[in-house]
Amino acid sequence: MAERVGVYICHCGSNIAGMVDVEQVAKWAGENLEGVVVSRDYKFMCSSLGQAMIEEDIKKHNLTHVVVGACSPHLHEKTFRKACQNAGLNPYLCQMTNLREHVSWVSRDREKATEKARALVAAAVERVKRQEPLQPLSVDVNPATLVIGGGIAGLQATLELADAGYPVYVVERRPSIGGHMAQFDKTFPTLDCSACILTPKMSEAGQHPNVTLYTYSEVDEVSGSVGHFRVRIRRKARMVTEDKCTGCGICVEKCPRKVVDEDFEAGFGYRKAIYTPFPQAVPRIPVIDVHSCIWFERQKCRACEKLCPTGAIDFEQKDEIIELEVGNIIVATGWNMFDCRRIPQYGYGRLANVFTALEFERMCNAAGPTNGKILLRDGKTEPQTVAIVHCVGSRDSNHNEYCSGICCMAALKFGHLVLEKTKAEVYSFYIDMRTNQKGYEEFYHRLLEEGMHFVRGKVAEVTDAARRPDEAGKLIVQVEDTLLGKQRRIPVDMVILMGALEPQTDAKELGLKLGISCSMAGWYTERHPKLDPVATMTDGIFVAGTCQGPKDIPASVAQGAAAAARVMGMITKRKVWIEPVVATIDESRCSGCRICNNICPYNAIEYDEAKGVSRVITAMCKGCGTCVAACPAGVISGAHFSNEQVFAEIEGILWDALQEEKKAEPQAVTG
Amino acid sequence: MAEETFEPKIVGFLCNWCSYRAADLAGTARIKYPPNVRIIRVMCSGRVDPAFVLKALSLGADGVMIAGCHPGECHYIEQNYKAMRRYHMLKHTLRALGLEEDRIRLVWASAAEGQQLAEHIEEFVDDVRKLGPLHWPSNFQENGERWHAVEALAQEHAESLEVL
């Protein structure tokens, strides 16, 4: 049967039609391309009317193949495949060509853009005629889920899934779950206590029969794909046997070694060499920090071992590797704070009374190093004046161009806490005040009324070099007040730097293990910035919380729940359909050279010794097509990307070059 | 055609996961680049058979661009390394054929690098423009005829050439 192709060119409102003469392209395709029986243009192909038009044409004109020239196939390929399926045409006989992202939106010249569009349509028509009907492959979904990161986003996802009755494994790098939220004192704008709303969730996760916590553990390796991932987890040696420890805390009390806690206390407080990061830690099992423990330093002490009533301390413990099988993975690895030392003019690390936002969080926290008192670095003096510097490392082309989103509100919260706990004056130095969520703007007004001073301008410098008598012994904030249009020097006692939220330093490394990519700034890339902010390009892997971009607690919780919902959808379906883009080997023509065996990264090609041929294990093939390109005999065919199809596409895409060459040398086509 | 107005025709093979999405992103961000590169989507840069590249050049393309995920970031673990090896082999082949090896280019662009991909395209189009048109089909016409002669000879002696 001769191919009967339908071509449909979308205007996309004026998105395509504004730069490409779509009517002309459709008309040209109908008149010039072989096999095209219908060629139309339409305002919005993806609308129900546009789809109905395609469906009707398939039936009326007996179309065997369909080409849609519209947006990226990553957006609407499914839509049009479904339309074809509705009309009884195999969905893999539909080909999309990208006239919007790859043509109209990137071109300046209408004529050239139209020429490019014609070439792409010709390529799609030539290709589609060689496409074959395919059936999607099904894979069973393992109901277990791995959540990487036990912060608030990960916990929310964990509890949603566990409550729905599905097993969840949580891997957390720190000794306890809880994440950054456990460090905070209050949450904006409601000012409810962070620990009070977080710790119930932590203990629920700790006690839930469906949840297995692996704290002080990291993901080593991930293999497999959607429905059946295999994960290797490294449980770092805690030096404390989890089954024996009751969490009584005697070991921590008696440990003679005190060190600065760089992690939980943000370098502002101390912990012992054996420690639980905070009293409500889940699990309440301490960890020995081998880098500060006296035993590991000079083979002395072992006080904890002697005093432990259950004999849980084990100095011989080694890292343990465990393997898990899960159907889906939720990545909720969170953020890291910008190192404020990177902006030396703000003096952090050099001027004692310059603090980071995390240090100040710990200072305000009643369980923190100062028991919630706001004091200068000497631990005694209450400040008279406090400056809060916004956008330290964010909205700054030298560091991070993005807005960290939460710092304005956190700064307002700090302002409120200072005004509540001390008699100090508070200055906020902001570029723009960004308070665009529910109840946030109201909180800003509340602070205006409470008497916090707002100075619009980016701080140039924090210095202790006094120029005037009233500046003596103070920190001076040098700033251009852009509302006054004047340079100002404001003497203060304490400076708080609102450091930017940055991706975890090893986000990229984990991304490589998982096969998900990072944006330029280092945040994990979602499948679609608007319509699919939870999924990633890799099926079965979802993102939640700040690892995808800066966000506040409500947004992290919402995304955690959304990721869980997506995973539940996968689990309840029990099967996922995956693209049938796989390789097959024509065994009758295979010479058994085994070149393909080694080239496959998934070991999906086995060698049949008896027959002396290679064979593709379909369930393991991911369809990259490298073996297809490598086979010296050309007997491996890649479904949906066969040599024939790609060659046809090349021929189509160069239709005008071919014609030009023919014109230039008319006799060249003899023979 | 005057040299200044020569607009090269370039075929681009972009992998589905990184560079095709980078091209999508360039579009979404309305980054403008020359319209000379026409994009063909493949699942992986490792799928790019050297024959695709030669086919494109032989059909009248003036240059071929291959784009994949950054080394170490391949969606299929490491297949872009295979693309890289083939690319160097291809360059060698082009030299052997007496063609400018700069008519092909391999670039890396992650899904977030729309701007970078657009810059690569701009640069490559400029470079191919400087090389001038390739005109493979007409330039190789003589060779083509020679090939036909070989074919005719082969047909004549088909029986004796039969491989069992």
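Residues numbered from 1 in each chain as written. Chains lettered and ligands numbered in written order. Predicted model: local features only at pLDDT ≥ 70, side-chain atom pairs only at ≥ 80, totals over all residues. Heavy atoms only, no water.

A.B. asks: Explain the overall build of chain B here, please?
C.D. replies: Counting secondary structure elements, chain B contains seven helices and four strands. Listed N to C, the secondary structure of chain B is β-α-β-α-β-α-β-α-α-α-α in terms of helices and strands. For chain B, the C-alpha atoms occupy an extent of roughly 60 × 45 × 20 Å along the three principal directions. The buried share among the 164 residues of chain B stands at 54%. Across chain B, the fraction of contacts at a sequence separation of at least 24, relative to all contacts at a separation of at least 6, is 79%. Where the 18 positive side-chain charges of chain B centre and where its 23 negative ones centre are 6 Å apart. (Helix = DSSP H or I, 4+ residues; strand = E, 2+ residues; numbered from the N terminus. Buried < 20%, exposed > 50% of the residue type's maximum accessible area, 1.4 Å probe, protein only. Contact = heavy atoms within 4.5 Å. Lys, Arg positive; Asp, Glu negative; His and termini not counted. Charge placed at Lys NZ, Arg CZ, Asp CG, Glu CD.)

A.B. asks: Would you explain the sheet that holds strand β3 (residues 65–70) of chain A in this entry?
C.D. replies: Backbone hydrogen bonds are what pair the strands of a sheet, in a parallel or an antiparallel way. Residues and elements named next belong to chain A. Ordered in space as β2-β1-β3-β4, the four strands form an open sheet in which the pairing is parallel. The strands lining the two open edges of the sheet, one partner per strand, are β2 (36–42) and β4 (94–98). Pairs of neighbouring strands in the sheet enclose a mean axial angle of 15 degrees, with direction left out of account. Here helix α2 (residues 48–60) sits on the sheet in contact with β1 (5–10), β2 and β3, set at roughly 170 degrees to β2. (Pairing = 2+ DSSP bridges. Axes fitted to C-alpha atoms, helices over the stretch in contact; angles between N-to-C directions.)

A.B. asks: What is the right way to read the domain arrangement of chain A from this model?
C.D. replies: Where interface size is quoted, it is often the accessible area lost as the parts come together. As assigned here, chain A comprises domain 1 (5–134), domain 2 (145–331 + 542–573), domain 3 (336–502) and domain 4 (583–639). Computed over C-alpha atoms only, the centres of domain 1 of chain A and domain 2 of chain A are separated by 51 Å. (Domains from an automatic or database assignment.)

A.B. asks: Just checking my understanding: could you explain the sheet that holds strand β4 (residues 104–108) of chain B for this structure?
C.D. replies: Read across the sheet, four strands follow the order β2-β1-β3-β4 (chain B) without closing on themselves; strand pairing throughout is parallel. Only two strands of the sheet have a single partner each, and these edge strands are β2 (37–42) and β4 of chain B. Looking at each pair of strands side by side, their axes are set apart by 20 degrees on average, direction ignored. Across the sheet, helix α17 (residues 643–653) of chain A lies against β1 (10–15) and β2 of chain B, angled at about 165 degrees from β2 of chain B, the strand it touches most. Lying on the sheet, helix α2 (residues 50–58) of chain B is in contact with β1, β3 (63–68) and β4 of chain B; it crosses β3 of chain B at an angle near 150 degrees.

A.B. asks: Just checking my understanding: could you explain the interface of chain A and chain B for this structure?
C.D. replies: On the side of chain B, 55 residues touch chain A, which itself brings 58 residues to the contact. Approximately 5200 Å² of surface area, both sides summed, lies buried where chain A meets chain B, with 60% of it carried by carbon and sulfur atoms. Where chain A touches chain B, the interface holds eight salt bridges. Measuring nitrogen to oxygen at the nearest pair gives 3.3 Å for the salt bridge that ties Glu660 of chain A to Lys9 of chain B. The interface formed by chain A and chain B contains 22 residue pairs in polar contact (both at pLDDT 80 or more). Going through the elements one at a time, α3 (73–86), α4 (110–128), α13 (507–514), α16 (626–630), α17 and α18 (655–664) of chain A are the ones with two or more residues in the side of chain A that touches chain B. The greatest single-element share of the side of chain A that touches chain B, amounting to seven residues, is contributed by α17 of chain A. When grouped by side-chain class, the residues that make up the side of chain A that touches chain B number 26 nonpolar, 18 polar and 14 charged. (Buried area = accessible area lost by both parts, 1.4 Å probe. Salt bridge = Lys/Arg side-chain N within 4 Å of Asp/Glu carboxyl O. Polar contact = N/O pair within 3.5 Å; in protein donor to acceptor, adjacent residues only side chain to side chain. Nonpolar A, V, L, I, M, F, W, Y, C, P; charged D, E, K, R; others polar.)

A.B. asks: I would appreciate a short explanation of unusual backbone geometry in the present structure.
C.D. replies: Glycine aside, residues mostly have negative phi angles, and peptide bonds mostly take the trans form. The omega torsion of the bond from Phe188 of chain A to Pro189 of chain A falls at -10 degrees, within 30 degrees of zero and hence cis. Within the secondary structure, Pro189 of chain A sits in the loop between β8 (186–187) and β9 (192–193). Despite not being glycine, Arg395 of chain A shows a phi value in the positive range, around 50 degrees. Its place among the elements puts Arg395 of chain A in the loop between β21 (385–392) and α11 (407–421). Positive phi, normally seen in glycine, also occurs at His135 of chain B, with a value near 50 degrees.

A.B. asks: Would you mind going over the state of the cysteines with me for this structure?
C.D. replies: Every disulfide links exactly two cysteines, by a covalent bond between their sulfur atoms. Applying the stated criterion across every chain yields a total of two disulfides over all chains. Of all cysteine sulfurs in the structure, the one in Cys408 of chain A sits closest to Cys403 of chain A, which takes part in no disulfide; the separation is 6.4 Å. Under the relative-accessibility criterion, Cys403 of chain A is labelled partly exposed at 32%. Free of any disulfide, Cys44 of chain B has its nearest cysteine sulfur in Cys74 of chain B, 4.0 Å distant. (Disulfide = S-S within 2.5 Å.)

A.B. asks: So what exactly am I meant to see when it comes to the packing of aromatic side chains here?
C.D. replies: Where two aromatic rings form a pair, the distance of their centres and the angle of their planes describe that pair. In total, this model carries 15 aromatic pairs over all chains according to the counting rule given. With a centroid separation of 5.8 Å and an interplanar angle of 80 degrees, the aromatic rings of Phe268 of chain A and Phe355 of chain A are classed as edge-to-face. Linking Phe268 of chain A in the loop between β13 (258–261) and β14 (269–272) with Phe355 of chain A in strand β20 (residues 354–356), this pair joins segments that are 87 residues apart in sequence. Phe355 of chain A gets classed as buried once you look at its relative accessible area, which sits at 0%. With a centroid separation of 6.4 Å and 75 degrees between ring planes, the pair formed by Trp17 of chain B and Tyr76 of chain B is classed as edge-to-face. With Trp17 of chain B in the loop between β1 and α1 (19–28) and Tyr76 of chain B in the loop between β3 and α3 (79–96), this residue pair connects regions lying 59 residues apart in the sequence. The exposure classification of Trp17 of chain B matches that of Tyr76 of chain B, with both residues buried. Each residue in the set Trp295, Phe296 and Phe315 of chain A is aromatic and connected to the rest through ring pairs, giving one cluster. One Lys or Arg, Arg118 of chain A, reaches over the ring of Trp28 of chain A and ends 5.9 Å from the middle of that ring. The ring centre of Tyr20 of chain B lies 5.4 Å from the NZ or CZ of Arg41 of chain B, which sits over that ring. (Phe/Tyr/Trp six-rings, centres within 6.5 Å; stacked < 30°, edge-to-face > 60°. Lys NZ or Arg CZ within 6 Å of the ring centre and 35° of its normal.)

A.B. asks: Explanation requested: α3 of chain A in the structure shown.
C.D. replies: Along an α-helix, a turn takes 3.6 residues, which lines up residues three or four apart on a common side. Residues and elements named next belong to chain A. Here α3 contains 14 residues, and its C-alpha end-to-end distance of 19 Å stays within 8% of the 20 Å for a straight helix at 1.5 Å per residue. Listed in full, the buried residues belonging to α3 are Pro73, Glu77, Thr79, Phe80, Arg81, Ala83 and Cys84. Just past α3, the residue Gly88 takes up positive phi, approximately 90 degrees. (Expected span 1.5 Å × (residues − 1).)

A.B. asks: I'm lost on the nonpolar core in this one. Help?
C.D. replies: Generally speaking, nonpolar side chains in soluble globular proteins are found buried as a group. In this structure, Val7, Val66, Val68, Val121, Ile650 and Leu654 of chain A together with Phe13 of chain B are the most contacted members of the largest nonpolar core, which totals 75 residues. Every residue in contact with Val68 of chain A, bar those within four places of it in the chain, is listed here: Tyr8, Met45, Ile54, Phe80, Cys94, Gln95, Met96 and Thr97 of chain A. (Core = buried A, V, L, I, M, F, W, Y, C linked by side-chain atoms within 4.5 Å.)

A.B. asks: Sorry, what's going on with helix α4 (residues 114–131) of chain B here?
C.D. replies: All names here are of chain B. For α4, built from 18 residues, the straight-helix expectation of 26 Å at 1.5 Å per residue is met to within 8% by its first-to-last C-alpha distance of 26 Å. Its buried side turned inward, α4 meets β1, α1, β2, β3 and β4. Downstream of α4 by one or two residues, Gly132 has phi in the positive range, about 85 degrees.

A.B. asks: For this particular structure, what's the right way to read the side chain of Asp261 of chain A?
C.D. replies: Residues and elements named next belong to chain A. Relative to the helices and strands, Asp261 resides in strand β13. Judged by its relative accessible area of 3%, Asp261 is buried. Polar side-chain contacts of Asp261 include one of 3.1 Å to the backbone nitrogen of Phe264. Residue contacts for Asp261: discarding those within four places in its chain leaves Ala266, Gly267, Phe268, Gly269, Tyr270 and Arg271.

A.B. asks: Just to check I follow, could you spell out the pattern of salt bridges for this structure?
C.D. replies: If the charged atoms of two oppositely charged side chains come close together, the side chains can form a pair. Summed over all chains, the structure comprises 62 salt bridges over all chains. For the salt bridge of Glu305 of chain A with Arg302 of chain A, the shortest nitrogen-to-oxygen distance reads 2.7 Å. Judged by its relative accessible area of 31%, Glu305 of chain A is partly exposed. Among the ionic pairs, Arg103 of chain B bridges to Glu100 of chain B, the shortest N-O distance being 2.9 Å. By relative accessible area, which is 2% here, Arg103 of chain B ends up buried. In the salt-bridge network here, residues are joined through shared partners; they are Glu115, Asp656 and Glu660 of chain A together with Lys9 and Arg38 of chain B.

A.B. asks: Would you mind showing me how to read the pairing of strand β22 (residues 425–430) of chain A here?
C.D. replies: Both faces of the sheet carry side chains from a regular strand, because those side chains alternate between them. All names here are of chain A. Of all six residues in β22, five are buried, a share of seventy percent or more. In this sheet, β22 lies alongside β21 in parallel orientation, the contact comprising five bridges. Bridge pairing links Ile388 to Ser428 in β22. Regarding the hand of the β-α-β motif, the stretch spanning β21, α11 and β22 is right-handed. In the classification by handedness, the crossover that spans β22, the intervening helix α12 (residues 440–450) and the parallel strand β23 (residues 453–456) is right-handed. (Right-handed = clockwise from strand over helix to strand, strands pointing away.)

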